[in-house]
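Topology and contacts: notes
Chain residues, written in single-letter form:
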Amino acid sequence: MALTLDTFNAAAPAEALRLLDGLYEHSPWVVERALARRPFASLAALKWALVQSVAGATREEQLALIRAHPELAGKAMVANTLTTESTGEQSRAGLTHCSPEEFAALQQLNADYNARFGFPFILAVRGPRGSGLTRQQIIATFQRRLHNPVDFEREEALRNIHRIAEIRLADKFGAEPVLGHHVWDWHDSLAQHSDPGFKEQGQLTVTYLTDAHQACQKELTARMRECGFDEVSIDAVGNVVGVYHGATPDAKRLLTGSHFDTVRNGGRYAGRLGIFAPLACVQRLRQAGRRLPFGIEVVAFSEEEGQRYKATFLGSGALTGDFNPAWLEQTDADGIAMREAMRAAGLPGTLDAIDALRRDPARYLGFVEVHIEQGPVLNEMGLPLAVVTSINAGVRHVGEVIGMASHAGTTPMDRRRDAACAVAELALYMERRAAQDGDSVATIGLLNVPGGSINVVPGRCQFSLDLRAPNDDQRDALERDVLAELSAICERRGLGQRLERTMAASAAPSHPAWQTRWEQAVAALGLPVHRMPSGAGHDAMKLHEVMPQAMLFVRGENSGISHNPLESSTSDDIELCVRAFEHLLNQLAVDPL
């Protein structure tokens, strides 16, 4: 019979320790220190108390906790002296059935890792869904983490220990994150669609209106219908729109959603979590035969990343009336105009059809968005959720510096007109300038010498600028300084330049009342409310222009990395974000704005 939280809360200290025996390998002190925080309102609250126990421990205690864990496929497994929990986990991952080559590789990795770090490699081998990693995934992770800085890897080991404990805790309490599994699986299914050239390499890339993008539209349409939406359609810019009606035909709607396009070789959760979390909530409403006093409109935005065309926030911008007519004439790398791509995908490709998508804010309560954090803060804190206070302002440019290509061996250093050196100088200036503000960031993410050769001084250098700051004034000052420095560099070096501003987004502070609703939803789960700004841009920035908005962040694994194949989240964290969304819906139903 599964353990209950009431039983655990009421147990005497010695009995409570026994009930959670084996949670942290040979380290009962972790649970013992958490007992002072009883009673726990939820399993999430208990997990947070355990994280706090370890965070408050000394460095020596933390290292002892790490060293209490066995190596993967190590001596303890061979000698059959693993704990029951570790035996089950390593067996489930297939580590007891390694080929001779795999076993030899793991033994060498164990030796190299211990020599570098002085403690065993720790990995939650049951993985983000709890169903287990493959031996190949385990070895690949082992190899990757072997190169981490020592302090970072120690913290990563502790994070994996907490993940192991989280899964063991779920086993003891019979608490399967069923909703989280569903949503995790939906992400896994949608990730099968990827653009040519990337799919063959096992990489995820979905850019605007490609075959993979249209396959995602088709799957999202089917998923919305399966979940019970009353209306499902693809609009004139390729957004997939699902509507679940309210109790009355004239009821206002809550607008929500996020984007399903990706960066090149990106992750499977950025954007898509904000689509699937509300889908899970609508599915549960439909299964219960329940209608709310308001409707729910979920929009899977077709384009947010601006990868194929220079049209960032295209999908959400169309809903706010901010679609730039010039975008239709833009061409991609293959010379295909956006209008042509739209018509090839079965869309009208006309301004009239796009203008008709503009939403009337009076028909909506507001806009809320769930998004993976895309940063390390929650991962380092050990917290699954955070409430966003504001989305930082941002501006982007693409440009080119034009110099003179010349022979690398015969052109003296003081006679060169090197375009790449000019952009390199600008990049270093941006690094210094953004650091002056403390919370501004500046990035050259694209850098290319077209037709470059190893023995030719670069005559052209193409580049991008991405500048962000917490408010519009700070962003504008950063932009002015960077552009002035670019002009000064080019003038001093005798170079020309071309620059195009491709995106400008104002800071989007969360609406206080809606931010409070997210805070109440997080608190209702038994978690502390952590508030933080978003350094990344989101579709909520566009909707902010016409209606109140607020966002919820979900922790990412692997130090919160995003726009990267390592981007990940667990079923348990996804379960919590769906529950938080459900709480917001129920709260709004009884206490409308």
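As a reminder, the structure under discussion sits directly above these lines.
For the structure given in this document, a descriptive report is provided here. Computed from a predicted model, the values in this text were never measured in an experiment. (Residues numbered from 1 in each chain as written. Predicted model: local features only at pLDDT ≥ 70, side-chain atom pairs only at ≥ 80, totals over all residues. Heavy atoms only, no water.)

**A look at the packing of aromatic side chains**
Inspection of the entire model under this criterion finds 12 aromatic pairs. For the ring pair Y113 and F121, a centre distance of 5.4 Å and an interplane angle of 75° mean the geometry is edge-to-face. The buried category is assigned to Y113, whose relative accessible area is 0%. Judged by centre distance (3.9 Å) and plane angle (15°), the ring pair of F121 and F142 falls under stacked. With F121 in the loop between α8 (100-117) and α9 (135-145) and F142 in helix α9, this pair connects stretches of sequence that are 21 residues apart. Looking at F121, the relative accessible area reads 0%, which means it is buried. The exposure class assigned to F142 is buried, which follows from its relative accessible area of 0%. Each residue in the set Y113, F117, F119, F121 and F142 is aromatic and connected to the rest through ring pairs, giving one cluster. Across the ring face of F8, the terminal group of R38 is positioned such that the distance to the ring centre comes to 5.8 Å. (Phe/Tyr/Trp six-rings, centres within 6.5 Å; stacked < 30°, edge-to-face > 60°. Buried < 20%, exposed > 50% of the residue type's maximum accessible area, 1.4 Å probe, protein only. Helix = DSSP H or I, 4+ residues; strand = E, 2+ residues; numbered from the N terminus. Lys NZ or Arg CZ within 6 Å of the ring centre and 35° of its normal.)

**Notes on the packing of helix α11 (residues 178-190) against helix α22 (residues 571-590)**
Across the interface, α11 lies against α22 with an axial gap of 7 Å and an inter-helix angle of 105°. As far as their axial angle goes, α22 and α11 are roughly perpendicular. Residues V178, L179, G180, H181, V183 and W184 of α11 lie in contact with α22, whose contacting residues are S571, I574, E575, V578 and R579. A class-by-class count of the residues in the contact of α11 with α22 yields six nonpolar, three polar and two charged. (Axes fitted to C-alpha atoms, helices over the stretch in contact; angles between N-to-C directions. Parallel < 35°, antiparallel > 145°, perpendicular 65-115°, else oblique. Contact = heavy atoms within 4.5 Å. Nonpolar A, V, L, I, M, F, W, Y, C, P; charged D, E, K, R; others polar.)

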